[in-house]
Amino acid sequence: MKLAIFNTKSYDRIYFNRFNTSHTLKFYEAGLSSESVELAAGYEGVCVFVNDQLDAEVIKQLAAKNVKIIALRCAGFNNVDLKAAQAHGIAVVRVPAYSPHAVAEHAVALIMTLNRKTHKAYNRVREGNFSLERLTGFDIFGKTVGVIGTGKIGEAFAKIMKGFGCRVLAYDVQSHPELVALGVEFVPLNDLFAASDIVSLHCPLTPQTNRLINADTLKLMKPNAMLINTSRGGLIDSKAVIDSLKSGHLGYLGIDVYEQEADLFFNDFSESIIQDDVLMRLMSFSNVLITAHQGFFTEEALTQIAQTTFQNLTDFEKSQLNPYTTLVMP
Ligand code: NAI
């Protein structure tokens, strides 16, 4: 198949070339949007990532160019208008599980860095400053951790936190007997907010979860609690979080995703004037840690992304799409 791959970086090219056996690949640095959709002309498939915007208009234009399949090289699909794809008979496939451990472990990295301030210690020691002043952390052992969304990533995260010796509370719209058997306590959402020292978000962004963390739910959280978001930026009302941080109620914030990340993440703006005042305010807090959507970024995950994407394309060519990886059948 002739495949146009949008929004690519060096690592995408390395891993897609390494595992390609039968497809003709064209790598574009540009993201896919109404401005760049012309680049899809002549390709049967397009491959996109988390911040490409495939709204109804873009999908209509893809259909007009005879594109037959949209291959998401990610798990989340909130950026694709699935109804429009259905209406135009375009298949949509994704990589549902590339490495749940990668994201779960990154959530733990955010927790440990915020808690033990290793990023500050690293800089201090390199400058010959061996003072421990203001580096006090807390034992994770014995703390209560709330996990919202216990799918593949939430499950991996809950198991790690059990290993730390935490009490793990969870909330999900689906039951999860395996985690219950491991001692994870499923509780109503408000009870999770009220009891947790650390809250970690692992549910998808949907109309129901949009701004799940807002002024009201932040008030339910324990004073000085830690909030971790490695899922999607839209789960959090960033302005409400800033207010809570300013008032001293929210103790720590660790985010790998941000609502307006599409304008910034995955690119180098170190020599530019960043215009996003909300992000810049978040960055100004000493108890906030931001990473630029790197939760997935491990060798294992990049391998799995490339392999599953090629398998999806092969299944499509054989008219044998796998329901597990397919969101829209053509
Ligand atoms: P999954 O589909 O296995 O699990 C999602 C869980 O959320 C399911 O158990 C589902 O029942 C639950 N859920 C759905 N609606 C809910 C609601 N209203 N309240 C509570 N729980 C709800 O997904 P997976 O693989 O665990 O990924 C979770 C999210 O992580 C993805 O949607 C994606 O946004 C994000 N992600 C982030 C990455 C990163 O690099 N930072 C990489 C991969 C995924």
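Reading the values: rules and limits
- Residues numbered from 1 in each chain as written.
- Predicted model: local features only at pLDDT ≥ 70, side-chain atom pairs only at ≥ 80, totals over all residues.
- Heavy atoms only, no water.
- Salt bridge = Lys/Arg side-chain N within 4 Å of Asp/Glu carboxyl O.
- Helix = DSSP H or I, 4+ residues; strand = E, 2+ residues; numbered from the N terminus.
- Buried < 20%, exposed > 50% of the residue type's maximum accessible area, 1.4 Å probe, protein only.
- Pairing = 2+ DSSP bridges.
- Axes fitted to C-alpha atoms, helices over the stretch in contact; angles between N-to-C directions.
- Contact = heavy atoms within 4.5 Å.
- Expected span 1.5 Å × (residues − 1).
- Core = buried A, V, L, I, M, F, W, Y, C linked by side-chain atoms within 4.5 Å.
- Domains from an automatic or database assignment.
- Buried area = accessible area lost by both parts, 1.4 Å probe.
- Polar contact = N/O pair within 3.5 Å; in protein donor to acceptor, adjacent residues only side chain to side chain.
- Nonpolar A, V, L, I, M, F, W, Y, C, P; charged D, E, K, R; others polar.
- Parallel < 35°, antiparallel > 145°, perpendicular 65-115°, else oblique.
- Left-handed = near helix turned anticlockwise from the far one by under 90°.

### Some details on the pattern of salt bridges
For step 1, the next point in the chain: Scanning all chains against the criterion turns up 8 salt bridges.
For step 2, the next point in the chain: Among the salt bridges present, the one from D12 reaches R73, with a minimum N-O distance of 3.6 Å. Taken together, the residues span a long stretch of sequence, with D12 in helix 1 (residues 10–19) and R73 in the loop between strand 4 (69–72) and helix 3 (82–87) at a distance of 61 residues.
For step 3, the next point in the chain: Residue classification places R73 among the buried residues on the basis of a relative accessible area of 1%.
For step 4, the next point in the chain: Between D197 and K222 there is a salt bridge, with its nearest N and O atoms 2.8 Å apart. Note that D197 is positioned in the loop between helix 8 (189–195) and strand 9 (198–201) and K222 in the loop between helix 9 (215–220) and strand 10 (226–229), a separation of 25 residues in sequence.
For step 5, the next point in the chain: Judged by its relative accessible area of 29%, K222 falls in the partly exposed class.

### Focus: the sheet that holds strand 4
For step 1, the next point in the chain: Across the sheet, 6 strands lie side by side as 2-1-3-4-5-13; this open sheet has mixed pairing. Edge positions in the sheet fall to strand 2 (24–27) and strand 13 (326–328), since each of these pairs with one other strand and no more. Ignoring strand direction, the axes of neighbouring strands in this sheet form an average angle of 25 degrees.
For step 2, the next point in the chain: Sheet topology places strand 5 (residues 91–93) next to strand 13; 2 bridges connect them, and they run antiparallel. Its bridge partner being in strand 13, V93 is matched across the sheet by T326.
For step 3, the next point in the chain: Docked against the sheet, helix 12 (residues 299–317) engages strand 1 (2–5), strand 2, strand 3 (45–48), strand 4 and strand 5, running at close to 160 degrees with respect to strand 4.

### Describing helix 6 (residues 152–163)
For step 1, the next point in the chain: In a regular helix each residue adds 1.5 Å, so 12 residues correspond to 16 Å; helix 6 covers 17 Å between its end C-alpha atoms and thus fits that length.
For step 2, the next point in the chain: For helix 6, the set of buried residues is G154, E155, A156, F157, A158 and M161.
For step 3, the next point in the chain: On the buried face of helix 6, the contacting elements are helix 4 (100–116), strand 6 (144–148), strand 7 (167–171), helix 7 (177–181) and strand 9.
For step 4, the next point in the chain: Positive phi shows up at G165, right after helix 6, with a value of about 90 degrees.

### Focus on the nonpolar core
Side chains of nonpolar character tend, in soluble globular proteins, to be buried together.
For step 1, the next point in the chain: The biggest cluster of nonpolar side chains holds 48 residues, and the ones touching the most others in it are F16, L32, V46, L54, L62 and I70.
For step 2, the next point in the chain: Looking at this core element by element, the count peaks at 7 residues for helix 12.
For step 3, the next point in the chain: If near-sequence neighbours (up to four positions away) are discounted, L32 is found in contact with F6, V37, V46, V48, D52, Q53, L54, V58 and L62.
For step 4, the next point in the chain: Judged by nonpolar contacts, the second largest core, of 32 residues, contains L192, L227, V278 and V288.

### Overview of the domain arrangement of the protein chain
For step 1, the next point in the chain: Taken domain by domain, the protein chain consists of domain 1 (2–98 + 298–328) and domain 2 (100–290).
For step 2, the next point in the chain: On the domain 2 side, the residues contacting the 12 residues of domain 1 number 9 residues.
For step 3, the next point in the chain: Interface of domain 1 and domain 2: buried area, both sides summed, is about 920 Å²; carbon and sulfur atoms make up 57% of it.
For step 4, the next point in the chain: On the domain 1 side of the interface with domain 2, the three residues burying the most area are K9, N51 and N78, jointly 47% of the side's total.
For step 5, the next point in the chain: Viewed at the interface, domain 2 and domain 1 are joined by 0 salt bridges.
For step 6, the next point in the chain: Counting across the domain 1 and domain 2 interface gives 4 residue pairs in polar contact (both at pLDDT 80 or more).
For step 7, the next point in the chain: When the residues that make up the side of domain 1 that touches domain 2 are grouped by side-chain class, the tally is 7 nonpolar, 4 polar and 1 charged.

### Description of the packing of helix 1 against helix 12
For step 1, the next point in the chain: The interhelical angle for the contact between helix 1 and helix 12, taken along N-to-C directions, is 55 degrees, at an axis separation of 9 Å. Compared by their axis directions, helix 1 and helix 12 come out oblique. By crossing handedness, the relation of helix 1 to helix 12 is classed as right-handed. Facing helix 1, whose interface residues are Y11, Y15, F16 and F19, helix 12 presents E299, L302, T303, I305, A306, Q307, T309 and F310.

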